[in-house]
Amino acid sequence: MPNGLFKSALLASSMFAGSAVLATPAFAQATAEPVEAQPDQVESPTTDEIVVTGSRIARPNLEQSSPVSVVDAEEIALTQPVSAEEFLRELPGTVPGIGPAVNNGANGSATLNLRGLGTNRNLILLNERRIVPATLGAVVDLNIVPVALLERVDVFTGGASSVYGADAIAGVVNFITRRNFAGLDVSGNYGITERGDGASYRADLTMGANFDDNRGNAVFSVSYTNTQPVLQGSRPISLVSRASTCTAGQVSAGTCEQQTVGAAQGSNTAVPASLFFPLGLAGTPIQVNGGQFDAATGGIVSGLSNYNFNPVNIFQTPLDRWSLFGQARYEVSPAVEVFTEGFFVRSTVRQEIAPTGTFTNVFQVPLNNQFLTPATRLQLCGLAVNSTGAFPAGQTGRVIPTTVADCPAAIASGTEINAIIARRFVETGPRVTEYTTNTFQVVGGLRGALTANLDWELSGQYGESRRVNTSTGTALQDRVQQALRGCPTGSTSGCVPINIFGGEGTLTPAMLAFVGVPTSTFINTELGAAQATVSGDLGFSSPFANEPIGIAVGLEYRRYAGGQFGDLPSSTPGAVLGAGGAFLTVNGEYNSKEAFAELVVPLVEERPFFHNLTVEAGARYADNSISGGDWTYKVGGNYSPIPEVKFRGVYSRSVRAANLGELFAPRNTVLSNLATDPCQGTRAQVQARGANHIAVCEAQLVAAGLPTSTLGGVPAPIAGQVNVTTQGNTNLDPEVADTLTAGVVLQPRRFLSGFALTFDWYRIKVKEAITAPGVSDILGRCFATADPALCTLVQRNPLTGGLSGDPSTTPGVFLFTTNQGRLHTEGFDLTASYRRDLGFGILNLSFNGNHTTKSRFQAFPQGINRECVGRYSVSCDPPLPRYSANGRATLSVEDSDISLAWRHISRNNVEPVAPTPQVFGGPPTTGGPANVIGAYRQIPASNYFDLAFQQQISDTMRFTFLVQNLLDKDPPDVGNTIGSTSFNSGNTYPTIYDALGRRYTVGVNLRF
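Here's what I pulled together on the structure shown here. Quick caveat: nothing in here was measured; it's all calculated off a predicted structure.

**Here we look at the overall build of the protein**
- Within the protein, the secondary structure is distributed over 14 helices and 44 strands.
- Relative to a compact globule of 1008 residues, whose C-alpha radius of gyration would be 30 Å, the protein shows 30 Å and is just as compact.
- Based on the C-alpha atoms only, the size of the protein along its principal axes is roughly 105 × 55 × 55 Å.
- Taken over 1008 residues, the protein has a buried fraction of 62%.
- In the protein, 74% of the contacts between residues at least 6 apart in sequence involve partners at least 24 apart.
- Element-wise, carbon and sulfur atoms account for 59% of the exposed surface of the protein, whose accessible area totals about 35400 Å².
- Positive and negative charge centroids in the protein, built from 67 and 80 side chains respectively, lie 6 Å apart.

**Here we look at the state of the cysteines**
- For the coordinates displayed, the defined rule picks out 6 disulfides.
- Shown here is the disulfide that connects Cys-246 with Cys-256, its sulfur atoms set 1.9 Å apart. Taking the sign of the S-S torsion, about 90° here, the bridge from Cys-246 to Cys-256 comes out right-handed. Linking Cys-246 in the loop between β11 (230-231) and α5 (248-253) with Cys-256 in the loop between α5 and β12 (274-277), this pair joins segments that are 10 residues apart in sequence. With respect to class, Cys-246 is no different from Cys-256; both count as buried.
- With its sulfur 1.8 Å from that of its partner, Cys-868 forms a disulfide with Cys-876. Torsion about the S-S bond of the Cys-868 and Cys-876 cystine: about -70°, corresponding to left-handed handedness. In this structure, Cys-868 and Cys-876 share a single accessibility class: buried.

**Examining the nonpolar core**
- Counting 64 residues, the largest nonpolar core has Phe-87, Leu-88, Leu-142, Val-153, Val-173, Phe-175 and Val-813 as its most contacted members.
- Setting aside residues no more than four positions away along its own chain, Phe-87 makes contact with Val-71, Ile-76, Thr-79, Pro-81, Leu-150 and Val-153.
- Ranked by size, the runner-up nonpolar core spans 42 residues in total, among them Leu-383, Ile-417, Phe-514 and Ile-718.

**Some words on the packing of aromatic side chains**
- Considering all chains together, one arrives at 14 aromatic pairs under this definition.
- Judged by centre distance (6.1 Å) and plane angle (45°), the rings of Tyr-201 and Tyr-224 are tilted. Residue Tyr-201 is located in strand β9 (residues 200-211), and its partner Tyr-224 is located in strand β10 (residues 216-227); the two are separated by 23 residues in the primary sequence.
- Ring centres of Tyr-224 and Trp-322 lie 4.6 Å apart, and the angle between their planes is 40°; on these two criteria the pair is classed as tilted. Linking Tyr-224 in strand β10 with Trp-322 in strand β16 (residues 319-333), this pair joins segments that are 98 residues apart in sequence.

**Examining the pairing of strand β8 (residues 183-193)**
- The pairing of β8 with β9 spans 9 bridges and is antiparallel. Pairing of Tyr-190 across the sheet is with Tyr-201, part of β9.
- Taken together, β8 and the strand that follows it, β9, pair antiparallel across an intervening segment of 6 residues, in which Gly-196 is found at a positive phi of about 90°.
- Direction of pairing for β8 relative to strand β44 (residues 999-1007): antiparallel, over a ladder of 9 bridges. Looking across to β44, one finds that Gly-191 is bridged to Thr-1001.

**Examining the side chain of Thr-269**
- Inspection of the secondary structure puts Thr-269 in the loop between α5 and β12.
- The residues contacting Thr-269, other than those within four sequence positions of it, are Tyr-307, Gly-357, Thr-358, Phe-359, Ala-422, Arg-423, Arg-424 and Ile-718.

**Considering helix α12 (residues 693-703)**
- Of the positions making up α12, those classed as buried are His-693, Ile-694, Val-696, Cys-697, Glu-698, Gln-700 and Leu-701.
- Each element contacted by the buried residues of α12 is listed here: α11 (683-688), α13 (775-785), α14 (788-791) and β32 (794-795).
- Of the residues trailing α12, Gly-705 is marked for its positive phi of about 90°.

**A short note on the pattern of salt bridges**
- Applying the stated rule across the entire model yields 47 salt bridges.
- Linking Asp-141 and Arg-467 is a salt bridge whose minimum nitrogen-to-oxygen distance equals 3.7 Å. Of this pair, Asp-141 sits in the loop between β5 (129-130) and β6 (150-156) while Arg-467 sits in strand β21 (residues 454-472), and the two are 326 residues apart along the sequence. This pair shows no difference in class: Asp-141 is buried, exactly as Arg-467 is.
- Measuring nitrogen to oxygen at the nearest pair gives 2.8 Å for the salt bridge that ties Asp-994 to Arg-999. Taken individually, Asp-994 and Arg-999 each receive the classification buried, so the pair is uniform in this respect.
- Connected through salt bridges with shared partners, the residues Glu-464, Arg-466, Glu-526, Arg-559 and Glu-589 form a single ionic network.

**Observations regarding the sheet that holds strand β7 (residues 171-177)**
- Spatial ordering of the open sheet is given by β1-β6-β7-β4-β5, a layout of 5 strands whose pairing is mixed. Every interior strand has two partners, whereas the edge strands, β1 (68-72) and β5, have only one.
- Pairing between strand β4 (residues 122-126) and β7: 5 bridges, direction parallel. Across the sheet, Asn-122 pairs through a bridge with Gly-171, a residue of β7.

**A few points about a nonpolar patch on the surface**
- A surface patch of nonpolar side chains, amounting to about 360 Å² of accessible area, comprises Ile-898, Phe-949, Phe-961, Val-1002 and Val-1004.
- Here Ile-898 lies in strand β39 (residues 896-905).
- Residue classification places Ile-898 among the partly exposed residues on the basis of a relative accessible area of 41%.

**Looking at the sheet that holds strand β28 (residues 668-673)**
- Taken in spatial order, the 4 strands of this open sheet run β28-β29-β33-β32, and their pairing is mixed. Each edge of the open sheet carries a strand with a single partner, namely β28 and β32.
- Bridge analysis of β32 against strand β33 (residues 812-816) gives 2 bridges, and the strand direction is antiparallel. Bridge pairing in β33 places Gln-795 opposite Gly-812.
- The strands that α13 touches are β28, β29 (721-727), β32 and β33; relative to β33, the one it contacts most, it runs at about 110°.

What counts and how
- Positions within a chain are numbered from 1, following the residues in the order the chain's sequence is written.
- Totals for whole chains, interfaces and linings use all residues, but because this is a predicted model, local features are given only for residues with pLDDT of at least 70 and pairs of side-chain atoms are given and counted only at 80 or more.
- Neither water nor hydrogens contribute to the side-chain values; these are computed over all heavy atoms in the structure.
- Secondary structure elements are defined from DSSP: runs of H or I of at least 4 residues count as helices, runs of E of at least 2 residues count as strands, and each element is numbered from the N terminus.
- C-alpha atoms define the radius of gyration, and 2.2 Å times the number of residues to the power 0.38 defines the globule rule.
- Per-residue accessibility, obtained with a 1.4 Å probe over protein chains only, is compared with the maximum for each type, and a residue is labelled buried under 20%, exposed over 50%, and partly exposed between these values.
- The contact criterion used throughout is that any non-hydrogen atoms of two residues lie within 4.5 Å.
- Here the Shrake-Rupley method, with its probe set to 1.4 Å, supplies the accessible areas, and only the displayed protein chains count as covering residues.
- Working convention for charge: Lys and Arg count positive, Asp and Glu count negative, and His plus the chain ends are omitted.
- Where a charge lies is defined by one atom per residue type, namely NZ (Lys), CZ (Arg), CG (Asp) and CD (Glu).
- In this description, the term disulfide denotes a pair of cysteine sulfurs within 2.5 Å.
- Here, nonpolar core means buried Ala, Val, Leu, Ile, Met, Phe, Trp, Tyr and Cys residues that are tied together by side-chain atoms lying within 4.5 Å of each other.
- Here the aromatic set is Phe, Tyr and Trp, taking the six-membered ring for Trp, and pairing holds for ring centres within 6.5 Å; pairs whose planes are under 30 degrees apart are stacked, those over 60 apart are edge-to-face, and all others are tilted.
- We treat two strands as partners when DSSP finds at least two bridges between them.
- When a carboxyl oxygen of Asp or Glu lies within 4 Å of a side-chain nitrogen of Lys or Arg, that pair is called a salt bridge.
- Distance thresholds for patches are 9 Å for like charges and 5 Å for nonpolar side chains (Val, Leu, Ile, Met, Phe, Trp, Tyr), applied to residues having over 30% relative accessible area and no salt bridge.
- Every angle, taken between N-to-C directions, lies between 0 and 180 degrees, and every axis is a line fitted to C-alpha atoms, over only the stretch in contact when it is a helix.

Here it is, written out as structure tokens:
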């Protein structure tokens, strides 16, 4: 299972701010007449009923007890996005998931993370129905959403499992397409940065028609999107990769606090190569230079070369997407309507990362290798004599030297040594992975009136996602091994001896052609569902109310199936150099049979002090084929003493069953992030880190088969990355979440017409959470307490003692999936809107803000109860601002609109180091990195402005001009090792802060 499936569950990050639908919804473009609709009501374009996400009961005058936020078509037109992820990730409190700003860590998807509880804990719907997921983690790719056809997007932020089933712990995002469209709509946009790169364009064609005296309607839409890359080498902030922590000399000198910029830092897999085993004196790696070791100081080089991997990495990943969408309905009789809907999307996302290399894999190198000079052969042999594990077993007929004097004979006989020679294959260019995904889904059904008050609907759907990941610029371990041995008998056809000891240019095209073979992996998912519902009202009401009691009941069946597999190199641990773990085969499926019911009861209406009092309840029973049966439910209500004021609240119990990845992923060693290994450096430096460090490090080294004398020469993590071993768990129970929201809606029509405000408090607690601990959770507890149960979960490289290395021999830190996690998020949402007719034009103001007060994650009962509000680190990743807000001011004068949007991100601080003594299993605490560069310990508050101008040129043509990041604000510099590889990239956080700079977009829409 890819590590990213665990990571989103681990990182307790920002919570999405749910907000009510206002009289003028937040971020919505003004209409021509004042709107006096009640909050939480969104008018359907074809009926008088209210369609509300978060309930299956659709009827007039329904007032929702839970907050719902709406992004409408006019707001979408003002932002001119190429995908839905673009405008959703900027909603206050929403944590960015994988998207176009994620390069090393991309999986071909664009995702959303409501309230920071994980992309697998929110549900994505299209017209109230689930979408086939793109991953085994049940995550939907937002790239498939038909942006051009959207009427609005509803974001329901609260537990919704009783309404929609599992996965809706953090909330629901419901994409609503235009219904009954008739005519022709053609639109297109083109955008480019002020630096002249990152071009993007989108073209859409939508056709629709009514037929048979409006008894039927059919709509078809086709869209094409293309986005070009922006390289990190094209922006000053990311020209050179920089360390986020101080050097040992700066720490000892006490100048770390005054440092304003981190030292240049890259990967020791570089050119010239670095030798990590056998090690030189005092365990220092040796640099290979021009085919021989630099022996000027006895074989030790004080400064090893670091490869600067930043320039070839990407700030904006390229996207190429075709999508088709169609829907139709036909009224067979007054009581029966047939409907269908379907889409097909083909998207290609390209990831580009630094060239491959030998990294820290172990190779057997014959001492008589043709590319080694005589002096180098003697030096290598001498180092091997003094290194445990340097000579592989089974070398029949070869001399295994016991002293340096034996080296000439050993060289002559071709004796092999175990060597870690980290050489970057710069000659081959970047590693490129193309993620090509074909997704389709079809829906069909019947609906109609059961009685005068009740409607029925029967529907079925089926969808598939097929993703092919093709990687080039890679190299295979076994072919490099054959080439290092000089292509002995039995080698793969076409073998060419390889020179990884020389400088840049010594790898010839023939050498690279032999070791570099394209590899492919595949992910397939399926979703099948059937549903029967009856909804409406009971035809009678409370004695003190006029509105009848609303009801919805139904049955639902869902089946998820999926698997992943790769070609032989991809699925073999350590076979593809630098792949970060094998792509192991996974297959599985499960189904769920469910029954649900909802009830909305208006108790009192239009009485003194009781303008409206309504209660609601819902329950669902789900029988999962793997985890068994569980109940979810909700209860809530709203009270309006007068029409201008409404109080509301709801409590819900949600349950999420484990997904395919969490259940069936086999054990696999992949990469995670760690800036400092507790055992790296000199013995004095290790001792200074804590009282237990020396003893724990020595015990782990002995367990790896190394002598305790290895301590003092344990290498640092390579490029801030270490091995971790993950595994699914078929014994997982469903996780349980309790959600509570309470708030007030104000709409003072009589003295401030056009104004509306909502204020809501929310709290979500997830217990028995399906999660895996982070690296710092295991290492922190192990070294602070010397707990053997946790310390044995750290298994080191048997040659170097580090946590980086060949995944087939170095498991690293074990991070298994369990039900031991706990998540807790809490905060406030505030929305406000005001609409005023100025005489010469109409002014619309809107505001949507979030204040997150708690965001906690505890991996296991004895672990750190980490608090991440307003903090960033590998464990609090990406940053969670305490305050975030969006605002928009739009002035409409006749056929012209000018609109200024504002986005605020409050100050963030690096996660503080763990207190002494470290706190476990108790109150909220921290466990952040030590010795962070002074200037990187805080990210100041950021404000971004976008300016849009729209002109209705004629009845059929509308023109839009948009300037994003109007003030060309630079992103904050925090170095490259303060967070995870996915989100902390290019010395900043490009998913949170704009790394591209000012951008211009022009859009044209024609409607006939």
